[in-house]
Amino acid sequence: MACPNAPRVTRQTIACTIIGVPKELSGLSLPTYEDILLCCLDEKYKRSLLFSPNNKKELGFLAIADCVATQVVGIYNKATIPTVTHTRVVQLIQSYYNSYIALKKSYNRDCEKDFYKKKIEAFIQNAKSKLFDIAACKCKITLNCTCGTVICKGNCPLSVACKCDKTRRIPDIELKFMYDQRTTRIMAIGSLGVQETTKLRKREEHNCCLKNRKLLLSIVLPVQAKVL
């Protein structure tokens, strides 16, 4: 039982000296690496309030990464952008968190040293600017600017030489948004339209049917071969 006079633990009191105060994912845009890291710290904070210190499973980072991965995939789904597998997302989160922990280990010892300050600065800058890109399609989206302005007004055509499977491709209607999220990050996720929601649902149903068909064939064909 907690001591009644013990200081209250809040997100502010557990703020990281490197990356800042833990917070939830906003869901208004695709998350950066900074968003992912802060969300992991926030989830860790929440679990510390919910579970006993002896509950290693729920307090372990694998459970935290799994929870954050579910949230991230949900945001990409809201933007109707196909993603890599959930397992792969968890691996990416774990890998980045490990790099953060490795950097943080020597903070007390090296925080006043110039080389370490530069490492921290580079880490923060990269975390803030780099998209946590879990889109299944990594093909480069090219802006063919024809407006002639220094900063493109955003109405110029986009092109992508995509050779991905149809189920992995970024929908044409979302190319502009995905390009923005990988570059300037000005746009925000809106609510799904009826037409896009229907398309997404049909695509998921189609993928499910294909998987079931492949599974059925993998069972039936060997049996038929044995009979023959």
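Placed above this text is the structure.
Residues numbered from 1 in each chain as written. Predicted model: local features only at pLDDT ≥ 70, side-chain atom pairs only at ≥ 80, totals over all residues. Heavy atoms only, no water.

Colleague: What am I meant to see in the packing of aromatic side chains here?
Modeller: Remark: the centre distance and the inter-plane angle together describe each pair of aromatic rings, the angle taken between the planes. Under the defined criterion, the tally for this structure stands at 8 aromatic pairs. The interplanar angle of 15° and the centroid separation of 3.9 Å between the aromatic rings of Phe61 and Tyr97 together place this pair among those described as stacked. With Phe61 in helix α3 (residues 61–78) and Tyr97 in helix α4 (residues 86–105), this pair connects stretches of sequence that are 36 residues apart. We note that Phe61, like Tyr97, is buried. Through a chain of ring-to-ring contacts, three or more aromatic side chains come together here, namely Tyr33, Phe61, Tyr96, Tyr97, Tyr100, Phe123 and Phe132. (Phe/Tyr/Trp six-rings, centres within 6.5 Å; stacked < 30°, edge-to-face > 60°. Helix = DSSP H or I, 4+ residues; strand = E, 2+ residues; numbered from the N terminus. Buried < 20%, exposed > 50% of the residue type's maximum accessible area, 1.4 Å probe, protein only.)

Colleague: Can you walk me through the packing of α4 against helix α6 (residues 114–129) in this structure?
Modeller: Two measures define how a pair of helices packs: the angle their axes make with one another and the distance between the axes. The geometry of α4 relative to α6 is characterised by a closest axis approach of 11 Å and an angle of 155° between their N-to-C directions. Comparing the axis directions of α4 and α6 gives the class roughly antiparallel. α6 is crossed by α4, and the crossing has left-handed handedness. Two secondary-structure elements touch here, α4 through Tyr96, Ser99, Tyr100, Leu103 and Lys104 and α6 through Tyr116, Lys119, Ile120, Phe123, Asn126 and Ala127. Of the residues assigned to the contact of α4 with α6, the class counts are 7 nonpolar, 2 polar and 2 charged. (Axes fitted to C-alpha atoms, helices over the stretch in contact; angles between N-to-C directions. Parallel < 35°, antiparallel > 145°, perpendicular 65-115°, else oblique. Left-handed = near helix turned anticlockwise from the far one by under 90°. Contact = heavy atoms within 4.5 Å. Nonpolar A, V, L, I, M, F, W, Y, C, P; charged D, E, K, R; others polar.)

Colleague: Sorry if this is basic, but what is going on with the nonpolar core here?
Modeller: Within soluble globular proteins, side chains that are nonpolar generally end up buried alongside one another. In terms of nonpolar packing, the biggest core is built from 48 residues, with Leu30, Tyr76, Ile81, Ile93 and Met178 touching the most fellow members. When contributions to this core are tallied by element, the ones reaching two or more residues are α1 (33–50), α3, α4, α6 and α7 (175–182). For this core, the element with the highest residue contribution is α3, accounting for 9 residues. Ignoring sequence-local partners within four residues, the contact set of Tyr76 consists of Leu30, Pro31, Ile81, Thr83, Leu131, Phe132, Asp133, Ile134, Ala135 and Met178. (Core = buried A, V, L, I, M, F, W, Y, C linked by side-chain atoms within 4.5 Å.)

Colleague: Could you clarify how one ought to interpret unusual backbone geometry in this entry?
Modeller: Across residues other than glycine, the phi torsion is negative in most instances, and most of the peptide bonds are trans. At Thr80, a residue that is not glycine, the phi angle is positive and equals roughly 55°. Its place among the elements puts Thr80 in the loop between α3 and α4. The phi dihedral of Arg185 falls on the positive side, at around 55°, and the residue is not glycine. With respect to the helices and strands, the residue Arg185 is situated in the loop between α7 and α8 (194–227). By relative accessible area, Arg185 is classed as partly exposed at 24%.

Colleague: Just checking my understanding: could you explain α6 for this structure?
Modeller: Its 16 residues place the ends of α6 23 Å apart at the C-alpha level, agreeing with the 22 Å of an ideal helix rising 1.5 Å per residue. Turning to α6, its buried residues number three or more, namely Tyr116, Ile120, Phe123 and Ala127. An end-on view of α6 places all buried positions within 65° of arc, on one side of the element. Looking at α6, the residues exposed on the side facing more than 90 degrees away from the buried face are Asp114, Lys118, Glu121 and Gln125. Buried residues along α6 sit in contact with α1, α4 and α5 (107–110). (Expected span 1.5 Å × (residues − 1). Arc of directions from axis to C-beta.)

Colleague: Where do I start with the pattern of salt bridges in this structure?
Modeller: Once the charged atoms of two side chains with opposite charge are near each other, the side chains can pair. In the structure shown here, the tally under the stated rule is 7 salt bridges. Residue Lys113 pairs with Asp110 through a salt bridge whose shortest N-O separation is 3.0 Å. Lys113 sits in the partly exposed class, given a relative accessible area of 40%. Classification of Asp110 by relative accessible area gives buried; the value is 3%. (Salt bridge = Lys/Arg side-chain N within 4 Å of Asp/Glu carboxyl O.)

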